[in-house]
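The primary structure of each chain is shown beneath.
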Amino acid sequence: MLTKRLEKIVQAIPRCTSLADVGCDHGYIGLSALTLGKANNVVFVDVSQPSLHKAKQNCPQNFESKVHFVCQDGLQSLNVDCAVIAGMGGLEILSILNNADVLPQKLVLQPMRNQQEVRKFLCKHYNITCDYTFFDGKFYDLVVAEKSPTGCVLTEDEIQFGKSNLATPCADFALFLAKEQAKLQQILQQCNDSNVQHKLQRVSAVLAKIQEELQ
Ligand SMILES: C[S@@+](CC[C@H](N)C(=O)[O-])C[C@H]1O[C@@H](n2cnc3c(N)ncnc32)[C@H](O)[C@@H]1O
């Protein structure tokens, strides 16, 4: 049984021939993609041998001809249609993408931190097709992107908050903003920092706008 976070990630994987589950650990993402027929073949990649071993142990025998297990740092020379990189910090994700010999046509990313840095990298090489926040015990961001020779242009707000959150806001995003707003207000009570003030203004403006839309 997948957690809501894993379910959302698997749902976001487009139909593809070859998928890399980078930082696979237990392997549940790649295995679910195979079960659902989203990928013909999956390469499970992990820099840690014990983690990769978990994915091997969880892999049913009938998938044997469709799976490869590789212990390495990131994508390196792997050439796949789609890569899913989830549950890692944004800077680690960027290091993996920057060190890839070939960037995959499609990406499904779930960065735990530094989401803005990930978006700035993506808009140089990819079109972001979906980028939203959901709650599963804590708030997560899920970004889906497709390679584009011209990249894409994002506004400052889209880089900070995620494109889909602004275009089609959901209740989880409103909850996220309300939490951010409360956190920033608390910080401001202790120190009157102009950067925090500016952040609070932006968060409050977006929250007010989407609350209107969600009513
Ligand atoms: C928190 S787990 C996430 C597992 C799974 N992707 C998920 O979302 O539930 C992170 C995994 O990424 C692996 N990892 C971290 N950096 C990596 C890298 N540069 N290349 C490959 N694997 C990496 C770790 O060993 C660990 O197994």
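As the structure is a prediction and not an experimental result, all values here were calculated from the model. (Residues numbered from 1 in each chain as written. Predicted model: local features only at pLDDT ≥ 70, side-chain atom pairs only at ≥ 80, totals over all residues. Heavy atoms only, no water.)

A.B. asks: Help me understand the sheet that holds strand S6 (residues 126-135) in this model?
C.D. replies: Adjacent strands of a sheet pair through backbone hydrogen bonds, lying either parallel or antiparallel. Spatially, the 7 strands line up as an open sheet ordered S3-S2-S1-S4-S5-S7-S6, and their pairing is mixed. Here the strands that pair on one side only, and so sit at the sheet edges, are strand S3 (67-71) and S6. When the angles between neighbouring strand axes are averaged without regard to direction, this sheet yields 15°. Sheet topology places strand S4 (residues 82-88) next to strand S5 (residues 106-111); 6 bridges connect them, and they run parallel. Considered in S5, the bridge of Ala86 is made with Gln110. (Pairing = 2+ DSSP bridges. Helix = DSSP H or I, 4+ residues; strand = E, 2+ residues; numbered from the N terminus. Axes fitted to C-alpha atoms, helices over the stretch in contact; angles between N-to-C directions.)

A.B. asks: Where do I start with the pairing of S3 in this structure?
C.D. replies: Each regular strand carries side chains that alternate between the two faces of the sheet. As judged from the 5 bridges shared by strand S2 (residues 39-46) and S3, these two strands associate in the parallel manner. Across the sheet, Val43 pairs through a bridge with His68, a residue of S3. For the crossover from S2 across helix H3 (residues 49-58) to S3, the handedness is right-handed. (Right-handed = clockwise from strand over helix to strand, strands pointing away.)

A.B. asks: Where do I start with the pairing of strand S7 (residues 139-147) in this structure?
C.D. replies: Most of S7 sits out of view: 7 of its 9 residues are buried. Note: S5 against S7, 4 bridges, orientation antiparallel. Paired with Leu109 across the strands is Val143, a residue of S7. Bridge count for S6 against S7 is 9 bridges, and the pairing is antiparallel. Bridging across to S7, Asn127 finds its partner in Glu146. Between S6 and S7, which pair antiparallel in sequence order, lie 3 residues; one of them, Gly137, sits at a positive phi of approximately 85°. (Buried < 20%, exposed > 50% of the residue type's maximum accessible area, 1.4 Å probe, protein only.)

A.B. asks: Is there a simple way to explain the site of the ligand in this structure?
C.D. replies: By nearness alone, 18 residues border the ligand, and Arg5, Gly23, Asp46, Asp73 and Glu92 come closest of all. Contact distances for the ligand include 2.6 Å between an oxygen atom and a side-chain N or O atom of Arg5. One nitrogen or oxygen atom from the side chain of Glu92 is found 2.8 Å from a nitrogen atom belonging to the ligand. Burial of the ligand by the protein amounts to 81% of the accessible area it has alone, namely 600 Å². (Near = heavy atom within 4 Å. Polar contact = N/O pair within 3.5 Å; in protein donor to acceptor, adjacent residues only side chain to side chain. Areas by Shrake-Rupley, 256 points an atom, 1.4 Å probe, with all protein chains shown as cover.)

A.B. asks: What is the right way to look at the environment of Glu64 in this model?
C.D. replies: Take Glu64: it is sitting in the loop between H3 and S3. For the pair formed by Glu64 and Asn41, sequence separation is 23 residues and the distance between their alpha carbons is 9.9 Å.

A.B. asks: When you look at the side chain of Glu158 in this model, what are you seeing that I'm missing?
C.D. replies: Mapped onto the fold, Glu158 is located in helix H6 (residues 156-161). Of the side chains with opposite charge, Lys163 comes closest to the buried, unpaired Glu158, at an N-O distance of 6.2 Å. There is a polar contact of 2.9 Å between the side chain of Glu158 and the backbone nitrogen of Thr155. When sequence neighbours within four positions are dropped, the list of residues in contact with Glu158 reads Arg119, Val153, Lys163 and Leu166. (Lys, Arg positive; Asp, Glu negative; His and termini not counted. Salt bridge = Lys/Arg side-chain N within 4 Å of Asp/Glu carboxyl O. Contact = heavy atoms within 4.5 Å.)

A.B. asks: Is there a simple way to explain the domain arrangement of the protein chain in this structure?
C.D. replies: How big an interface is tends to be stated in terms of accessible area lost as the parts join. Here the protein chain is partitioned into domain 1 (4-154) and domain 2 (171-214). Placing the centre of domain 1 and that of domain 2 at their C-alpha centroids yields a distance of 30 Å. At the surface where domain 1 touches domain 2, the tally comes to 1 salt bridge. The partner of Lys4 in a salt bridge is Asp172, with the nearest N and O atoms 3.9 Å apart. Counting across the domain 1 and domain 2 interface gives 1 residue pair in polar contact (both at pLDDT 80 or more). Top contributing element to the side of domain 1 that touches domain 2 by residue count: S6, with 3 residues. (Domains from an automatic or database assignment.)

A.B. asks: Can you walk me through the packing of aromatic side chains in this structure?
C.D. replies: For any pair of aromatic rings, the description consists of the separation of the ring centres together with the inter-plane angle of the planes. Within this structure, the stated rule accounts for 7 aromatic pairs. Ring centres 6.0 Å apart and planes at 45° place the aromatic pair Tyr132 and Phe134 in the tilted group. The exposure classification of Tyr132 matches that of Phe134, with both residues buried. Arranged with centres 5.5 Å apart and planes meeting at 70°, the rings of Phe139 and Phe176 form a pair that is edge-to-face. Highlighted residues: Phe139 in strand S7 and Phe176 in helix H8 (residues 171-190), separated in sequence by 37 residues. (Phe/Tyr/Trp six-rings, centres within 6.5 Å; stacked < 30°, edge-to-face > 60°.)

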